[in-house]
Amino acid sequence: MTTWVTLEMTVRDGAFEALSEFLKANLANVRGFDGALSVTLFYDTATRAFLIHEEWMSREHHQAYLAFIEEKGVMAALLGFMEGPPSVTYYEKLVM
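Residues numbered from 1 in each chain as written. Predicted model: local features only at pLDDT ≥ 70, side-chain atom pairs only at ≥ 80, totals over all residues. Heavy atoms only, no water.

A. Spatial organisation of the side chain of Thr6. In this fold, Thr6 is placed in strand 1 (residues 3–10). A relative accessible area of 10% means that Thr6 is categorised as buried. Once you skip the residues sitting within four places of it in the chain, Thr6 turns out to touch Leu51, Ile52, His53, Ser87, Val88, Thr89 and Tyr91. (Helix = DSSP H or I, 4+ residues; strand = E, 2+ residues; numbered from the N terminus. Buried < 20%, exposed > 50% of the residue type's maximum accessible area, 1.4 Å probe, protein only. Contact = heavy atoms within 4.5 Å.)

Put into structure tokens, the structure is as follows:
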């Protein structure tokens, strides 16, 4: 069973272009981290809503990744483009 993670936030007015460059430089690192299965990004230009949808082997894998990017300053850099911290939600994929 895998874990889906969503991170929802709002991009600061005028920051999307710089955010795009930051993401281009860093997404390969997320996708290559131990336990990462996929990362998909969504953006609403009208509201500046930004959604990151990730699939991980487990919640623990994702939390290890979060600890790593917090320690390295990557999370702080990402939040510099945002109006506030993300709303993070974990979902366990159900197999029925």
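Now that the structure has been shown, we can carry on.
B. Up close: a nonpolar patch on the surface. A cluster of nonpolar side chains, contributed by Met1, Leu94 and Met96, occupies part of the molecular surface with about 480 Å² of accessible area. Relative to the helices and strands, Met1 is located in the segment before strand 1. A residue is classified by how much of its surface remains accessible, and Met1, at 69% relative accessible area, is exposed. (Patch = residues over 30% accessible without salt bridge, like charges linked within 9 Å, V, L, I, M, F, W, Y side chains within 5 Å. Areas by Shrake-Rupley, 256 points an atom, 1.4 Å probe, with all protein chains shown as cover. Salt bridge = Lys/Arg side-chain N within 4 Å of Asp/Glu carboxyl O.)

C. Summary view of the nonpolar core. Judged by nonpolar contacts, the single largest core of 23 residues is most densely connected at Leu19, Phe50 and Met82. Sorting the residues of this core by element identifies strand 1, helix 1 (16–31), strand 2 (36–44), strand 3 (49–56), helix 2 (59–72) and helix 3 (74–79) as the ones contributing at least two each. Here this core gets 5 residues from one element, more than from any other, and that element is helix 1. In contact with Met82, other than residues within four places in its own chain, are Met9, Thr10, Val11, Arg12, Leu19 and Phe50. (Core = buried A, V, L, I, M, F, W, Y, C linked by side-chain atoms within 4.5 Å.)

None of this, on its own, says anything about what the molecule does.
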